[in-house]
Amino acid sequence: MVTLKIDDKQVQVPEDTSILKAAEKAGIWIPTLCYSELFEPYGVCRLCVVEAVRGKRSRVVTSCNYPVREGINVLTNSPKIQWIRKTILELMLARWPNVKVVKDLARDVGVEKPRFVSLQRDEAEDACILCGKCVSVCREVVQANVLGFAYRGIKREIALPFGVQSEACIVCGACAHVCPTGHIKMVVEDYKGKKPEFTLGPKTAIYVPTLQAVPRVPVIDADSCIHFKTGGCEYCAKVCEPNAINFGMKDEVEEIEVGQILVATGFDIFDASAMAQYGYGTLDNVYSSLEFEMMLNSTGPTNGQVLTKDGREPRSVAIVHCIGSRDTNHHSYCSRVCCMYALKYAHLVHDRTKASIYQFYIDMRAFGKGYEEFYVRILDKGVKVIRGKVAEVVEAPPAQKDEGSLVVRCEDTLAGKLLEIPVDMVVLCNAIEARRDSDAVRRLFSISKSPDGFFLERHPKLDPTSTMTDGVYIAGCAQGPKDIPDVVAQASSAAARMLSFISKGEVEIDPVRAFVQEEYCSGCKICNSLCPYTAIEFLAEKKVSHVNEALCKGCGTCVAACPSSAMTGHGFTDAQILAELDGIMV
Amino acid sequence: MAFEPKIIGFLCNWCSYTGADLAGVSRIKSAPNVRVIRTMCSGRVDPSFILKAFQIGADGVIVMGCHLGDCHYQEGNYKTIRRIPFLKRLVKGFGIDPRRLRLEWVSASEGDRFARIVNEFTEEIRSLGPLKLQVHTELRKTIHEPVEVV
Amino acid sequence: MKRYRLQLMVCAGTGCVSNHSVEIKDALDREIEKHKLQNEAEVVFTGCNGFCGAGPIVVVQPDGVFYQLLKTADIPHLVEEHLLKGRPVKKLMYSPPAEKIPIPKMSDIPFFSDQTLIALRNRGMIDPEQIDDYIARGGYKGLVKALTMMTPDEVLKEIKSSGLRGRGGGGFPTGVKWESCKHAHGDIKHVICNADEGDPGAFMDRSIIEGDPHAVIEGMIIGAYAIEKVHQGYIYVRMEYPLAIKRFQIAIKQAREYGLLGENILDAGFTFDIDIRRGAGAFVCGESTALMASVEGKPGEPRAKYIHTVERGLWERPTCLNNVETWANVPQIILKGAQWFSSIGTGDVSADPWGGSKGTKVFSLAGKVNNTGLVEVPMGIPLRDIVFKIGGGIRDGKKFKAVQTGGPSGGFIPESLLDLPVDYEELTKVGSMMGSGGMVVTDEDNCMVDMARYFLAFTQAESCGKCTPCREGTKQMLDILDRISVGEGTEEDLVTLEDLSNVIVESSLCALGGSAPNPVLTTLKYFREEYEAHVKDKKCPSHTCRKLNTYSIDEKICLKLGHGCHVCVKHCPDAAIIGERKQVHYIDPAKCSKCGVCYDVCNFKAVQVA
């Protein structure tokens, strides 16, 4: 520990601490411009100068990088220091008269108007003041080394190598983040015309997925994390006191042996940008159901408030049913849950805003216990429920802008009228659909799908949770759209089925099995390599093949391939099939 | 009376048979000419079954299995896909139009596809006319003498 | 080795080479062959002789007869007279400006006689491309002594007690620096030779390298041995010194061949080698941290030196950087002992390493003196001796005005302080510095505002731009000086200038900014009246700042001597001169842009400046 005085205040700090840090500890403010905790002090703005006094010797040093020394007295605001700071700020103000951070600092130290005029005067408000923060952050934190200075002296400027966009730039935006004047800007490409990467997502590369996550620990998004692109940064590890961050962790594939599997892989929602008439992805304030659900969440990006993109409360909200469902162009099935969640949205929007709410439906399917009652409650709240499929959502013409930024066009099929309703926000009730990867998952488990793309159960009425593959069960929206009570019921049923197997302790197998008639077997071994279950082995002493009946699944491929008809199968012998043939040809 | 083709269909238990079932459950109308024999896997279809079917008077044979990669037994249908083209060349040597033999993939969810294929194939056979195959009765007997199952 | 009766030492320093000394050697060779004297006389190229103003130079040894300002046409006569007939040629010898009697011997010429040679002791004596020449003059003897008879600690102690201080300008005691580096934590350490001599008009380091590269290498090996854990050294030379680079390359190759570099030097179990790094010529790369950044391949920009480079320098390793001249002094100190070295110079360094300035210092003497060139003088010699004895006084009998020491960032010292002894502390006290050893003498014709502006323009252009005061401040100062020199300055400007200078000195990141305002500060201090003339009277006393001059034509001279020659009319870019041929000419002050061309072209000095 080193003891020193700062402005006659005694401070004790560890060795190698900078004076700036020590002053911070003592509660003394020193102006800085090029300093940042993120990287090594660059020490170029010279605003943080202080006088380090030892005995009669006094030395002007920059506090950001001057390490504390035992017994020195630091003067942070002596007349000499004030004079230096003022002059430096005068020089800066002469060159960049309109940069806010320079103006503010100048005002803080009492400079009104500089004594000088600079011939290199740059009057832009976002002029580069050559503090070098972007260069340091790119070099030391990001370690991409993209930015640097070009030319020297008064001509010095921030530049990319050879003045061209560098391939080494990972577009992390760190430079724009640290730039004190806004000279470096992160230009976000306008999302119009593109599938939006929804702005409600996490803002950092390390985040807690949801507040309800178990275990509730942050995860690193390796695709966005600077460290995984350049090997640099590691700032999270630096601030993590328990040292819990491990960049060495790799995705692992763990093999677990199990006897039964319940496939409950869930669903995707229909991508509404396929229905261009609703303007999803092209118009502001048109949300999918999942996005709106995030907005309503009290831990979400708006803390549960219903807000338009510019942060206002909407004056009216349209909730549009059957997006992609009950539509022969997309999914002909009914997505089942949408009517009820649409009513829930109406309920919540009514609770949280003063907006007028419109529901556009084809048929209102409030089929479950207590659902119809909820529907009636919503009607009582004054939600306008219009029977008719919305034709299109368009941007409001200028004349109608003051009523709503969007216009919903629809035919009210009960009144037989065409409607044009101005609204501020449109919520689309996207259909539930089979997951994008469901075919791959299906093949993995040798299960089938029904025409709607969801996994196929063994029997729609008698066996709705098991599949054609023994030991593989399905539940939830992987099997078909359903609401939470139904999912719980189906999953419980599947679990019960699995438990019954476990408690039984033994497995019954189908009697359909292949076997070898050893007296006909020539020992050619053709069957041995055909079997996908390696159920056929060759008995070396007898020189015949043999089927392990516990492994055999009875597909009969070996039977068909046996050149000497020695291989045959219970229930499907050649004779039986030929007899069948004979029979049906009558 | 118009010619009604007799067609033998070998359907795999897991996909095509279920698909055919779905077509029935869905009340999809399809030609009644296909007489279905269920096998556990299309890979179980012994080439001799097909020859036998033609021998005893079938005008066409259709083998249906799961789509490639979907096989319940992992790779049975790959065996089938090797056998059928070979058989087509063989039956040509016997004087049978190879178009009378067909291999199709129908999954459990493709009831409509099943019906479409059946209709299409029936029409094709109908246009080809009856298969007039001279069969030696003795020969028929020797083929028809499989090993009895104990 | 072959022995000759006579050896003709032809100076092959850059100054003499550009004055065709190579042709002189060729002519000498030709003539010697013609007279069949090949076995009696040898012509040798040497490094810089130092008396650059007198080049090309040939010294005939062993007599030490000095011939200057030679032309190829003089050679047949010289060879015939001196070599064949033994009669030295008087008209080719040096004679002091005031007198007409030539001085035949080099050692009698005041330029040489008042010098003390340590770093330059081999100048003009050896062929720098021959290691044997160096060894014959006692070279590598110091190394042998250090490696075989002394421990590293003893070597360090010797350097420490010698009082040697950094010759690059800072004057940091070399022994203290070595010691800090020795005690710094680290398993790999480096030594660097700073040969990035960027001061305009300075060529001390270049001459040492070109004339005696082995002395530097020997010094570095001794230093590496004393500091320990040093196995790799670097020489940072600027690309503008191709001959120096070549001489170093040859010297390093020869030293390796002789087992003086590489593994197990002199069987003493000590391994050390040297590589050359070439700099692209940025002035700031002469600053140690910027130099190290440059060696590492980074942009040459300085960093704060609160953690010294002896602790964390090149690649974060302890690094000992010394200037060419410092290294060149080391072998002699080891060989002759610290006591001998510390007997030269001022002060007492036995207790305080900063207590005095010991040994000699090489200066490149330039400007308005009669004898320009390279001089090595003992510390403590009065400035007056350098200017008037060695330099031979001011050219054309003009009046001395000031001498600037220490390169572009040095201050100007007026005549009143001329008796100042040359010493680190003394020079700093008067606002100048030792610097690397530039010395520019100005006379009454020089405008001090213009001189300050000239040097500031150099440092401003060479500022790396990293820190605010140096980047913005020097430019601002230059703008003010520009204004003053065209008559737009105000008295307030002088106050601002002084204030700004002090801020830059106090707050700059490195020594470049910290010393850049020195010329301005010293001229403001010692020649304030000149500034005041510029801002108050809008006049430049020495008529250098042309925008402040008024040009007129003396009718009498113009007509009587020049007969209205019309030359000025032809050259005037503004058509401001009126007058027919053979008539009196006049200058129209309304049109005159004060370029001064008329003054320059008038052969009769009819154009008057006021």
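Small disclaimer: the values here were computed from a predicted structure and weren't measured. (Residues numbered from 1 in each chain as written. Chains lettered and ligands numbered in written order. Predicted model: local features only at pLDDT ≥ 70, side-chain atom pairs only at ≥ 80, totals over all residues.)

> Looking at this structure, how should I read the overall build of chain C?
Across its full length, chain C carries 25 helices and 18 strands. The globule rule puts the C-alpha radius of gyration for 610 residues at 25 Å, and the 27 Å found for chain C is close to it. Considering only C-alpha atoms, chain C reaches an extent of 85 × 65 × 40 Å along its principal axes. Counting only residues that meet the buried cut, chain C has 55% of its 610 residues in that class. Considering only intrachain contacts with a sequence separation of at least 6, the fraction spanning at least 24 residues in chain C is 71%. (Helix = DSSP H or I, 4+ residues; strand = E, 2+ residues; numbered from the N terminus. Rg over C-alpha atoms; globule rule 2.2 N^0.38 Å. Buried ≥ 20, exposed ≤ 12 C-beta atoms within 10 Å, placed from the backbone. Contact = placed C-beta atoms within 7 Å.)

> Looking at this model, I keep getting lost on the overall build of chain A. Mind explaining?
Broken down by element type, chain A carries 15 helices and 25 strands. In terms of overall dimensions, chain A has C-alpha extents of about 120 × 80 × 45 Å along its principal axes. For chain A, the proportion of its 586 residues judged to be buried stands at 35%.

> Just checking my understanding: could you explain the environment of Cys169 of chain A for this structure?
Inspection of the secondary structure puts Cys169 of chain A in the loop between strand E7 (157–159) and helix H5 (174–178). On the neighbour-count criterion, Cys169 of chain A (16 C-beta atoms within 10 Å) is partly exposed.

> Could you clarify how one ought to interpret the interface of chain B and chain A in this entry?
Often the size quoted for an interface is simply the accessible area lost on bringing the parts together. The interface of chain B with chain A comprises 36 residues on the first partner and 33 residues on the second. At the level of secondary structure, the elements contributing two or more residues to the side of chain B that touches chain A comprise strand E2 (34–39), helix H2 (47–55) and helix H3 (76–93) of chain B. Each residue belonging to the side of chain B that touches chain A can be placed in one class, and the counts come to 16 nonpolar, eleven polar and nine charged. (Nonpolar A, V, L, I, M, F, W, Y, C, P; charged D, E, K, R; others polar.)

> Please clarify how the domain arrangement of chain C should be interpreted in this entry.
One can read the domain layout of chain C as domain 1 (6–107), domain 2 (131–342), domain 3 (360–443), domain 4 (448–537) and domain 5 (549–609). Taking only C-alpha atoms into account, the centre of domain 1 of chain C sits 46 Å from that of domain 4 of chain C. (Domains from an automatic or database assignment.)

> Could you clarify how one ought to interpret the domain arrangement of chain A in this entry?
Annotation of chain A at the domain level lists domain 1 (267–433), domain 2 (435–504) and domain 3 (514–584). Using C-alpha coordinates to define each centre, domain 2 of chain A is positioned 33 Å away from domain 3 of chain A.

> It is not clear to me how the packing of helix H6 (residues 141–149) of chain C against helix H10 (residues 213–227) of chain C should be interpreted in this structure. Could you clarify?
Between two packed helices, the angle of one axis relative to the other and the distance separating the axes together describe the packing. Residue and element names in this part refer to chain C. Interaxial distance between H6 and H10 falls to 9 Å at its minimum, and their mutual angle equals 10°. With respect to H10, the element H6 is oriented roughly parallel. As H6 runs across H10, the sense of the crossing is left-handed. Contacts from Gly142, Leu143, Ala146 and Leu147 in H6 reach Glu218, Ile221, Ile222 and Tyr225 in H10. Its residues assigned to classes, the contact of H6 with H10 comprises six nonpolar, one polar and one charged. (Axes fitted to C-alpha atoms, helices over the stretch in contact; angles between N-to-C directions. Parallel < 35°, antiparallel > 145°, perpendicular 65-115°, else oblique. Left-handed = near helix turned anticlockwise from the far one by under 90°.)

> Looking at this model, I keep getting lost on the arrangement of the chains. Mind explaining?
Once contacts are tallied for each of the two pairs of chains in contact, the highest total is for chains A and B. The two units chain B and chain C remain apart, with a minimum C-alpha distance of 58 Å.

> Would you mind showing me how to read the nonpolar core here?
In globular proteins that are soluble, nonpolar side chains generally tend to be buried together. If you look at the biggest cluster of nonpolar residues, it comprises 213 residues, and the most contacted ones within it are Val58, Val216, Ile221 and Ile386 of chain C. Of all the elements, H10 of chain C adds the most residues to this core, at ten residues. Not counting residues within four places of it along the chain, the set of residues in contact with Val216 of chain C comprises Cys193, Ile208, Ile209, Val324, Trp327 and Ala328 of chain C. Counting residues in hydrophobic clusters, the runner-up holds 124 residues, among them Tyr345, Tyr375, Cys477 and Cys558 of chain A. (Core = buried A, V, L, I, M, F, W, Y, C linked by C-beta atoms within 7 Å.)

> What is the right way to look at the sheet that holds strand E2 (residues 41–46) of chain C in this model?
Across a sheet, strands are paired by hydrogen bonds formed along the backbone, either parallel or antiparallel in direction. Residue and element names in this part refer to chain C. The mixed open sheet is built from four strands, whose spatial order is E2-E1-E3-E4. Sheet topology places E2 and strand E4 (65–67) at the edges, where each strand pairs with a single neighbour. Within this sheet the neighbouring strands show an average axis-to-axis angle of 20°, counted without direction. For strand E3 (residues 58–61) and E4, the ladder comprises three bridges, and the chain directions are antiparallel. Paired with Val59 across the two strands is Phe66, which belongs to E4. (Pairing = 2+ DSSP bridges.)

> What exactly am I supposed to notice about unusual backbone geometry here?
Note on backbone geometry: most residues besides glycine have negative phi, and most peptide bonds are trans. Of the consecutive residues Gln61 of chain C and Pro62 of chain C, the connecting peptide bond is found in the cis state with omega at 5°. One can find Pro62 of chain C in the loop between E3 and E4. Of note in this structure, Asp7 of chain A is not a glycine but carries a positive phi near 50°. Looking at where Asp7 of chain A falls in the secondary structure, it is placed in the loop between strand E1 (2–6) and strand E2 (9–13). On the basis of neighbour count, Asp7 of chain A is assigned to the partly exposed category, with 15 C-beta atoms found within 10 Å.

> Looking at this structure, how should I read the sheet that holds strand E9 (residues 319–323) of chain C?
All names here are of chain C. The mixed open sheet is built from five strands, whose spatial order is E7-E8-E6-E5-E9. Each of the sheet's edge strands pairs with one partner strand only, and the pair in question is strand E7 (262–265) and E9. On average, each strand axis in the sheet is tilted by 25° relative to the strand beside it, whichever way the strands run. Direction of pairing for strand E5 (residues 189–195) relative to E9: parallel, over a ladder of five bridges. The residue bridging Val191 from the neighbouring strand is Cys320, located in E9. With respect to the sheet, helix H13 (residues 324–336) is in contact with E5 and E9, its orientation differing from that of E9 by roughly 95°.

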